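Residue-level listing of the chains:
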Amino acid sequence: MTSTSPIVPAMKPPRDDRPPRVLVAGAGVFGLAAALELSARGHAVTVLDPGPVPHPDAASTDISKMVRMDYGDDDLYVSLGAEALDRWREWNRTWTPGLFHETGFLILSSGAWAPGAFEYDSYHTLRARGQPVEILNPREVPARFPAWTGRPEWRGYVNPRAGWAESGRVVQALAGQARAQGVAFVTEDAFAGFLERGSRVHGVRTTRGREIEADRVVLATGAWTPLLLPELADRMWPVGQPVFHFQVSDAPHYRPPHFLPWAADISTAGWYGFPAFDDGTLKISNHGPGIHVDPRGPRTVPAEAEAHFRSFLADALPDVKTAPVLRTRLCLYTETFDNDFWIDRDPRREGVVVATGGSGHGFKFTPVLGPIIADAVEGKAHPRAERFRWRPLGVRRVEPARFAGAEEPPRTRERGPASHA
């Protein structure tokens, strides 16, 4: 396939020999990863964000996000996940000590263990790559993980090379490292429009009337992107996903090695969650169809969601079914029609790169997003970026772990890149 993006030469320093100026709009993980990499490459980077960073409503924040390479038989994300895992380990040794927890990942299924199922395909793909995944039969699941007593048919596997990251604290660390590298931050302000000369963008206007000049602009604005670039509204949109934090009284019972980050019937029902924190906070979420929302409106979890969650708990983790709710949040996915990221130059606006489209599975790739976005800024080809290019609307598709939901418009659960013919 060929990209629809314009072919442009690599970015060169301005004639006055000053460093190329890049304005990054958005301080989530796409924006901060880009800022860090571009700064390391010698660009003068400014990050524009309403703040605070991390923002409590941003998809990048909350207390935890999964880090996995389990992607069915989708080789692109499996390979990218393996690369990201190596970098998470490196970050833990350097400037995010202790924020990534490589505890392992428990994947459970009550359905058929057969080709085409997410759990089966993930297990065999990882085994073929030499990963030390360990299969579990229905007798072994409650013996190893005693909280999982609700369904006698549970089976699955443990992937020891996976875990979770303290997401809000990671965003805070990313911003701190960016500042240490000389990245400038403009907060309490936001992107309002481009400064343009013809088709060439030379900076941005902010909501407070400021004009910031830049040689390149990276729009990493998440769920706001289809509002700011309406021509993309048919290819990406904001979707709200419910997140519940329950209070458990026996926190050690819900911590490794007895209780791992987990996914349970995730591709057919959407359930996943995390070990308990020391204070007993147990986070459980749904990676499902969600609800279409306007990012400008309130972000509240629908009232009926609690009953849905408690029905699952009664059936799967019965000791948690009556646990009190500490808090809820609506996590906004910036969902693309094919669930692939959107990282490419804007074919209509010279000087603009769009970096978004996490589709609910982007955070785990934070350590590898920066080079992909920076290469797009510099006009370089990146070996893993073909599926993230600027593209017309094509076949509707979800990532292998995602529950599409019967009430959604038909989606094709393909096992590879969507067709954009």
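Residues numbered from 1 in each chain as written. Predicted model: local features only at pLDDT ≥ 70, side-chain atom pairs only at ≥ 80, totals over all residues. Heavy atoms only, no water.

1. Structural notes on the overall build of the protein chain
On a plain count of helices and strands, the protein chain comes out with 8 helices and 21 strands. Here the C-alpha atoms of the protein chain give a radius of gyration of 21 Å, agreeing with the 22 Å that 2.2 N^0.38 yields for 421 residues. The principal-axis extent of the C-alpha atoms belonging to the protein chain is close to 70 × 45 × 40 Å. Among the 421 residues that make up the protein chain, the fraction classed as buried is 58%. (Helix = DSSP H or I, 4+ residues; strand = E, 2+ residues; numbered from the N terminus. Rg over C-alpha atoms; globule rule 2.2 N^0.38 Å. Buried < 20%, exposed > 50% of the residue type's maximum accessible area, 1.4 Å probe, protein only.)

2. Focus: the pairing of strand β13 (residues 216-219)
On any regular strand, side chains alternate: one points to one face of the sheet, the next to the other face. Neither face of β13 is left uncovered, since the one carrying R216 and V218 and the one carrying V217 and L219 both have all their residues buried. Sheet topology places strand β1 (residues 21-25) next to β13; 4 bridges connect them, and they run parallel. Bridge pairing links V22 to R216 in β13. Bridge analysis of β13 against strand β21 (residues 352-356) gives 3 bridges, and the strand direction is parallel. When the bridges of β21 are listed, V218 appears paired with V353. (Pairing = 2+ DSSP bridges.)

3. Examining the pairing of strand β2 (residues 44-48)
In terms of burial, β2 is largely enclosed, as 4 of its 5 residues are buried. Bridge analysis of β1 against β2 gives 5 bridges, and the strand direction is parallel. In the strand pairing of β2, V22 is matched with V45. Following the chain from β1 across helix α1 (residues 29-40) to the adjacent parallel β2, one finds a crossover that is right-handed. Pairing analysis gives 3 bridges linking β2 to strand β9 (residues 184-186), with the strands arranged parallel. Bridging across to β9, T46 finds its partner in A184. (Right-handed = clockwise from strand over helix to strand, strands pointing away.)

4. Observations regarding the sheet that holds strand β11 (residues 200-206)
With respect to topology, 3 strands assemble into an open sheet ordered β10-β11-β12, the strand pairing being antiparallel. On the outer flanks of this sheet lie β10 (191-197) and β12 (211-213), each paired with one strand and no other. Neighbour-to-neighbour, the strand axes of the sheet open up by a mean angle of 35°, direction not taken into account. By the bridge criterion, 6 bridges tie β10 to β11 in an arrangement that is antiparallel. Bridging from a neighbouring strand, F191 pairs with T206 of β11. (Axes fitted to C-alpha atoms, helices over the stretch in contact; angles between N-to-C directions.)

5. A few points about the sheet that holds β21
As summarised here, the arrangement of the 6 strands in space is β9-β2-β1-β13-β21-β20, forming an open sheet in which the pairing is mixed. Edge positions in the sheet fall to β9 and β20 (342-345), since each has one partner strand and no second. If you compare each strand with its neighbour and ignore which way they point, the axes differ by 15° on average.

Just distances and angles here, no functional claims.
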